[in-house]
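# Remarks on the overall topology
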Amino acid sequence: MSTVAFHTLGCKVNSYETEAIWQLFKADGYERVDFEQDEADVYVINTCTVTNTGDKKSRQVIRRAIRRNPEAIVAVTGCYAQTSPSEIAQIPGVDIVVGTQGRDKLLEYVEQIRRERTPINAVGNIMKAREFEELDVPNFTDRTRASLKIQEGCNNFCTFCIIPWARGLMRSRQPESVVEQAKKLVEAGYLEIVLTGIHTGGYGEDLEDYNLAKLLVDLHQVEGLKRIRISSIEASQITDEVIQVINDSDRVVRHLHVPLQAGDDEVLKRMRRKYTTAEFYEKMVKVRQALPGVALTTDVIVGFPGETEEQFQNGYDYIRKIGFAELHVFPYSMRTGTPAARMTDQIPEEVKHERVTKLLELNRELQLAYSQQFVGDVLEVIPERPYKEAPDSGLLMGYSDNYLNVVFAGDESMIGKICKVRLDAPGTEYCEGTFVRVLEDDQLPLLKERAI
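Residue numbering note: each chain is counted from 1, following its sequence as written. Under the rules for a predicted model, residues below a pLDDT of 70 receive no local features and side-chain atom pairs below 80 are neither given nor counted, while totals for whole chains, interfaces and linings still include all residues. Hydrogens are left out, water is left out, and the side-chain values use all remaining heavy atoms of the structure.

- As annotated in an unreviewed UniProt entry, the protein carries the name Threonylcarbamoyladenosine tRNA methylthiotransferase MtaB and comes from Brevibacillus panacihumi W25.
- The record held by UniProt for the protein lists under Catalytic activity (unreviewed entry) the comment "N(6)-L-threonylcarbamoyladenosine(37) in tRNA + (sulfur carrier)-SH + AH2 + 2 S-adenosyl-L-methionine = 2-methylsulfanyl-N(6)-L-threonylcarbamoyladenosine(37) in tRNA + (sulfur carrier)-H + 5'-deoxyadenosine + L-methionine + A + S-adenosyl-L-homocysteine + 2 H(+)". UniProt positions are given in the numbering used here, feature names are shortened, and annotations may be inferred rather than shown by experiment.

Printed below as a string of structure tokens:
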């Protein structure tokens, strides 16, 4: 039996796609082995190019695979492969370079290499891609939550970002295909589906008379699906229609991840983001009115070229004013080939570090303040696994519909079921709770309890 090993760099979409590529190899009779521990016949490296560091790490991993087994077939895919195929093809020992499309042909390429051992560069012009590449994942290592990729690409061209050049323009998956895959995931035992993509909230922009709100409505027809989560959505994409659907829904969870990136209008303009702080704020107020208790989480880039102390402080105050439930904080990292990398007023690393530290402190404060609101409330939690800090303690951990990570005493038979849990103590990493009861199937689909 032939063996294959995978290494994934970068984002959750890459992880999803690695799993999808593994399904192709699995169906062909391959055995999956550990990239770090075992010698494999085929190595697949799924690369990242979001920063210059991503490129460098990708090259290191490629060389590591070649050293581990010089006889192995080495295939490189992903975003770095898409933007710099010739750079990768020049590394001695790389056999196959495939970008971010055409990965369903990987097995054919492997067989071709077995026959003639002539390197293959199969990277095409991603900007011409108009069809969504269907690569599915029928099951995940996580037993309770499945990802479902609904779109590819992005039309935004923010000045710090290389992704449109790596992933191409916006392509949505056909609605029937999304619903069909959701049914398969529910049949495989998943209660929660996370809709994911490169620019998830833009779903449907390239389809006629169809959009994300309509897809959410159609997913309600999937029997047995208890929770729908949107991995990320831009403020401009939270339309009145989307708000209405979430408000009326018993399945779309009270959690929206809305990337802010900067809380100052001048910085937003230089980033080429398509909103002002006033517009973003107004949208958050609207969402909260429709969804009391909603968890609003966000991404923030710190130390963008030209960001003054005053602009950073504006952003800090603005983030506190909105009161996000959680922040993902990134120091600005230069990416060659983007307009921001050519800006002259780059911020020194130590200043970025200082600002990141301040925002991480604010993040802890915000997380605590958000979870504090729910003390004494009974929330619906799907336990995912034993508490990882103490697996034998009889404690389980899982997420509530409003994205609180709750730890409570229970037994493993509850994993993957919807449990009513009272929140006792707020926290940043975890909140503590007390198990009340398991919701039986006849009580589902659940109607969300709004306890505030």
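Anyway, onward from the coordinates.
## Observations regarding the confidence of the model for the protein
- Model confidence for the protein is summarised by a mean pLDDT of 93, while 97% of its residues fall at 70 or above.
- Overall, residues 442-452 carries pLDDT values under 50, and its contacts beyond four positions in sequence, including any with other chains, amount to 34 contacts. A residue's pLDDT is the confidence the predictor assigns to it, expressed on a 0 to 100 scale. Residues count as neighbours in contact if any of their non-hydrogen atoms are within 4.5 Å of one another.

## Thoughts on the environment of K128
- Inspection of the secondary structure puts K128 in the loop between β6 (120-121) and β7 (145-149).
- The sequence separation of K128 and E389 amounts to 261 residues, and the corresponding C-alpha distance is 48 Å. Numbered from the N terminus, helices here are DSSP runs of H or I no shorter than four residues, and strands are runs of E no shorter than two.

## Some thoughts on the sheet that holds β6
- Taken in spatial order, the six strands line up as β2-β1-β3-β4-β5-β6 in an open sheet, and their pairing is parallel. Taken across any chain shown, the strands that pair with only one partner, and hence form the sheet edges, are β2 (31-32) and β6.
- Here, any two strands with at least 2 DSSP bridges between them count as paired. With two bridges joining them, strand β5 (residues 96-97) and β6 adopt parallel strand pairing. Across the sheet, the residue bridging to V97 is N121, located in β6.
- Interaxial angle, 0 to 180 degrees, is taken between N-to-C directions of lines fitted to C-alpha atoms, where a helix line uses only the stretch in contact. Along the sheet face, helix α1 (residues 12-27) touches β1 (3-8), β2, β3 (42-47) and β4 (73-78) and points at about 170 degrees away from the line of β1.
- Set on the sheet, helix α2 (residues 52-68) makes contact with β1, β3 and β4; between it and β3 the angle comes to about 175 degrees.

## Focus: the sheet that holds strand β14 (residues 326-331)
- One open sheet holds the six strands; their spatial order is β7-β10-β11-β12-β13-β14, and the pairing between them is parallel. If you trace the sheet from one side to the other, it starts and ends with β7 and β14, each paired once. Averaged over all pairs of adjacent strands, the angle between strand axes in this sheet comes to 20 degrees, irrespective of strand direction.
- Summarising the sheet, strand β10 (residues 192-196) and strand β11 (residues 227-230) pair through four bridges and their orientation is parallel. What sits directly across from L195, in β11, is I230.
- In the packing of helix α8 (residues 212-219) onto the sheet, the strands contacted are β10, β11 and β12 (252-257), and the crossing angle to β11 comes to about 160 degrees.

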